[in-house]
Each structure stands twice: as C-alpha cells, then as structure tokens.
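# Breakdown of the fold
One-letter residues, chain by chain:
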Amino acid sequence: MSGRILGLDVGDRRIGVALSDEGRLIASPHSVYTRVGYSPDVKHILRLCQETGAELIVCGLPKNMDGSVGFQAEKVMAFADKLREAGLDVVYQDERLSTVSAHQALIAGGVRRDDRKGVVDKVAAAVILQQYLDSGA
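Definitions and cut-offs
- Sequence order sets the numbering: in each chain, residues are counted from 1 along the sequence as written.
- It should be noted that, the model being predicted, local features are given only for residues of pLDDT at least 70 and side-chain atom pairs only at 80 or more, the latter also being counted only at that level, while totals for whole chains, interfaces and linings use all residues.
- The side-chain values count all of the structure's non-hydrogen atoms but skip hydrogen atoms and water molecules.
- Only DSSP runs of H or I covering at least 4 residues are called helices, and only runs of E covering at least 2 are called strands; the numbering of each starts at the N terminus.
- Expected helix span is taken as 1.5 Å per residue step, with the number of steps being one fewer than the number of residues.
- Each residue is assigned to one of three classes by its accessible area relative to the maximum for its type, calculated with a 1.4 Å probe on protein chains only: buried under 20%, partly exposed between the two thresholds, exposed over 50%.
- The arc in question is formed by the directions pointing from the helix axis toward the C-beta atoms.
- Ring pairs are drawn from Phe, Tyr and Trp, using the six-membered ring of Trp, whenever the two centres fall within 6.5 Å, and their geometry is named by plane angle: stacked under 30 degrees, edge-to-face over 60, tilted for the rest.
- Any Lys NZ or Arg CZ that is within 6 Å of a ring centre and within 35 degrees of that ring's normal is treated as a charge sitting over the ring.
- We count a salt bridge whenever a side-chain nitrogen from Lys or Arg sits within 4 Å of a carboxyl oxygen from Asp or Glu.
- Put simply, buried Ala, Val, Leu, Ile, Met, Phe, Trp, Tyr and Cys residues joined by side-chain atoms within 4.5 Å make one nonpolar core.
- In what follows, residue pairs with any heavy atoms lying within 4.5 Å of each other are defined as contacts.
- Any two strands with at least two DSSP bridges between them are considered paired.
- Throughout, an axis means a line fitted to C-alpha atoms (over the contacting stretch in the case of helices), and angles, computed between N-to-C directions, take values from 0 to 180 degrees.

On to helix H2 (residues 71-85). The end-to-end C-alpha distance of H2, which contains 15 residues, comes to 21 Å, matching closely the 21 Å that a straight helix rising 1.5 Å per residue would cover. Within H2 the residues assigned to the buried category are Ala73, Val76, Phe79, Ala80 and Leu83. Projected onto a plane normal to the axis of H2, the buried residues spread over an arc of 120° and lie on a single side. Opposite the packed face of H2, turned more than 90 degrees from it, sit the exposed residues Phe71 and Glu85. Among the residues trailing H2, Gly87 stands out with phi positive, at a value near 95°.

See the structure below:
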C-alpha cells in the first residue's frame, strides 16, 4: 500500500499530529492542534487529510497498562467515531508509553523543558504512527 497516513495523539486539550511519507515507512511530527469541540476538531482533521493527501488515520489508543480500555481510551474512541462519521478511515494503535518515549527523545535531542511542552504532542503522534508503520499492518 502507498499513500500518506495521518497519526493522531488525541488528548482532552490538544491533538498531536504526525504524517507518514507516501511509501509509509517514516513518520514525522507535523503539528499540534488545540481542541475546540467535536465539530471544529473533525473539520480540522478533514482539512489536514485533504491538504496532505492522507488516506488513513491512525489514532493512538491510550489503553491501561493491563491492556484494558479505560475512560481516556473511550474518549478517543468517541472522537474516532466522529471522524468515521465524516467519512474518514480510522484505525487504532496502542499508545501506552508513547508520551514517555516522546519526552525521552526530546531530552536526548537536547530540547529544553519549556520548549518540550509545545512539541511533545506531535512527537508522541509520530511515535504512535511509527509503531503502526513498523507493525506492517
């Protein structure tokens, strides 16, 4: 398969966005969107898909450490349902510890603490998307 994939790290206040290359090998951080409400949030993601040519969305699913689906995962699934209702193709990727990995990568890269706040969500989205790409799904 080919065509870009959009990776999302959906939070209550922000959505981290990552984008794959057309060959679906490499995920790169793209942007951080500040949430407003379901309708404007979905419209923004739709617009991103159109602008980037993304054909699939990978949503990070924040499962509990025991693998069960908790309250936060249910909120992500509700948002994914809204994206599907808008005609987008959405799949899930387990995102346990993705934000921890993103923080570690930023620290290793020498990014200052204050600067990490503004980029950690899109880096976490890239971690989620890269895990999906590496899985060969």
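The rest of the description comes next.
With that out of the way, let us pick up the packing of aromatic side chains. Scanning the entire structure with this criterion turns up one aromatic pair. Lying across the ring of Phe79, Arg35 places its NZ or CZ 4.7 Å from the centre. Over the ring of Tyr38 we find Lys82; its NZ or CZ atom is 5.5 Å from the centre of that ring.

This brings us to the pattern of salt bridges. This structure, assessed with the given rule, holds five salt bridges. In this structure, Glu55 and Arg24 form a salt bridge, with 3.7 Å as the shortest nitrogen-oxygen distance. With Glu55 in the loop between helix H1 (38-52) and strand E4 (56-61) and Arg24 in the loop between strand E2 (14-20) and strand E3 (27-34), this pair connects stretches of sequence that are 31 residues apart. Its relative accessible area of 14% is what places Arg24 among the buried residues.

On to the nonpolar core. One finds Leu6, Leu8, Ile45, Ile57, Cys59, Phe79 and Leu83 to be the most contacted residues of the largest nonpolar core, which totals 22 residues. Every element with two or more residues in this core is listed here: strand E1 (5-10), E2, H1, E4 and H2. In terms of residues, this core owes the most to one element, H2, which gives five residues. Ignoring any residue separated from it by four or fewer positions in sequence, one finds Phe79 in contact with Leu8, Val10, Ile15, Arg35, Tyr38, Asp41, Val42 and Ile45. If you look at the next biggest cluster of nonpolar residues, it comprises eleven residues, including Ile5, Leu56, Ala125 and Tyr132.

With that settled, consider the sheet that holds strand E5 (residues 90-94). An order of E3-E2-E1-E4-E5 is seen for the five strands of this open sheet, with the pairing classed as mixed. Strands with a single pairing partner mark the edges of an open sheet, and in this sheet they are E3 and E5. Averaged over all neighbouring strand pairs, the angle between strand axes comes to 25°, with direction disregarded. Across four bridges, the pairing between E1 and E4 is parallel. When the bridges of E4 are listed, Leu8 appears paired with Cys59. The sheet contacts of helix H5 (residues 120-135) involve E1, E2, E3, E4 and E5, and relative to E2 the element is tilted by about 45°.

Structural measurements only, silent on function.
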